[in-house]
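# Inside the fold
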Amino acid sequence: MLAFLIRRLVQAFVVMFVISVISFSIQDNLGDPLRELVGQSVSEEERQALREQMGLNDPFLTQYWRFAKNAVQGDLGTSYFFKEPALQVILKKLPATLELVFGATLIIIFLSVPLGIYSAINPQSVLTKIIMGFSIVGISIPVFLTAIMLVYVFSVLLGVMPSFGRGELVHVFGYWETGFLTADGLLHLVLPSIALSSIMLPLFIRLIRSEMMEVLESEYVKFAWAKGISRYRIYFLHAFKNTMLPVITVGGVQIGTMVAYTILTETVFQWPGMGFLFLEAVNRVDTPLIVAYLIVVGAIFVVTNTVVDLIYGLVNPTVKLAAKHTG
């Protein structure tokens, strides 16, 4: 298991290195940051002097080496707009994004598991066909359209749900302010969480259904039926337990993906998270903030996938055996 962990950490380091190179290299294609930083009133001579002072005229390798040395120490640059360390600006917005992803994850878990199990156990029922029909529709509708529809129905027509912002917040520690501890905060979280979960919920319903139907056709499940084991024990202990192995793997990847998908959801609901901040940074050509966002999101992907691989290695003993044989 230790060798498996070391390999995963080395792979994570390589992936983060590639992400940092790609993120840093695209900043020259985003526009001239000085245009947003100093406006049009500064002469060309002053503009060039400022570029030289900021190191924007240095070769790419020189700029990247300077950036990498600072990044290892936790310095991802200073935001041109906020005049603060870019990482600090992102960390202030990170709690809002993580709470939105957490809310969407809860909806996905508590809906996909029972609906997926029911659809696998009763594949020909009318309710299963309705569930599968809605899952196809859910996969086909973009998240921003789902978000707009939710706002129109529940905020505009019915007037029962708030349409923007995080509502009342409670300070926890550091930069962390949460809406989970207030009724108004929870109310503001409902629609954005539903919109964000609409991306992955149909996928997980279909994944759990297909995996469980496959497991129910396996030989050991047929043997369990022949032994006269109760149907609920077969469904939930034998079948569902083995169904969850691939679901855990896919789930970890998709949770990381939802962090990136929050851009559209946060824009529609004016949710003050990292995604909304990223779009503002693109509009302002705030390149240090853009690069820092891409690296932080990449780090979330890498950490999530590494943790999922470790959990999978603990749950599935064949991973350990395979690692020993390959070693």
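Residues numbered from 1 in each chain as written. Predicted model: local features only at pLDDT ≥ 70, side-chain atom pairs only at ≥ 80, totals over all residues. Heavy atoms only, no water.

### Concerning empty space enclosed by the protein
Following the criterion strictly, the structure yields one cavity of 30 Å³ or more and no others. In this structure, the largest cavity spans a volume of roughly 30 Å³. Forming the walls of the largest cavity are E99, R166, L169, G179, F180, G185, L189 and W271. Looking at side-chain class alone, the lining of the largest cavity contains four nonpolar, two polar and two charged residues. (1 Å grid on protein atoms, 1.4 Å probe; cavity = no way out; pocket = protein on both sides within 12 Å on 5 of 7 lines; lining within 4 Å. Points joined across faces, edges and corners; volume = space filled by probe spheres on them. Nonpolar A, V, L, I, M, F, W, Y, C, P; charged D, E, K, R; others polar.)

### Concerning the nonpolar core
Counting residues in each nonpolar core, the largest one holds 56 residues, and the members touching the most others are I90, M212 and M274. Mapped onto this core, the elements with two or more residues apiece are α4 (60-72), α5 (86-121), α6 (126-140), α8 (183-216), α9 (219-226), α10 (231-268), α11 (274-284) and α12 (287-315). When residues of this core are assigned to their parent elements, the largest contribution, 12 residues, is made by α8. Those residues in contact with M212 that lie beyond four places of it in its chain are I117, A120, I121, Y235, A239, F240 and T243. Listed in part, the seven residues of the second largest apolar core include A147, M161, L191 and A195. (Core = buried A, V, L, I, M, F, W, Y, C linked by side-chain atoms within 4.5 Å. Buried < 20%, exposed > 50% of the residue type's maximum accessible area, 1.4 Å probe, protein only. Helix = DSSP H or I, 4+ residues; strand = E, 2+ residues; numbered from the N terminus. Contact = heavy atoms within 4.5 Å.)

### Quick notes on the pairing of strand β1 (residues 170-173)
In this sheet, strand β2 (residues 176-178) lies alongside β1 in antiparallel orientation, the contact comprising three bridges. Paired with F173 across the strands is W176, a residue of β2. Turn length for the β1-β2 hairpin, with the two strands adjacent in sequence and antiparallel, is two residues, and the turn residue G174 shows positive phi of about 55°. (Pairing = 2+ DSSP bridges.)

### Some details on the packing of helix α7 (residues 143-157) against α10
At a closest axis distance of 9 Å, the pairing of α7 and α10 adopts a crossing angle of 25°. It follows from the interaxial angle that α7 and α10 lie roughly parallel. Of the two elements, α7 crosses α10, and the hand of that crossing is right-handed. Of α10, the residues touching α7 (which contributes V143, F144, A147, I148 and V151) are L264, T265 and V268. Of the residues contributing to the contact of α7 with α10, the split by class is seven nonpolar, one polar and no charged. (Axes fitted to C-alpha atoms, helices over the stretch in contact; angles between N-to-C directions. Parallel < 35°, antiparallel > 145°, perpendicular 65-115°, else oblique. Left-handed = near helix turned anticlockwise from the far one by under 90°.)

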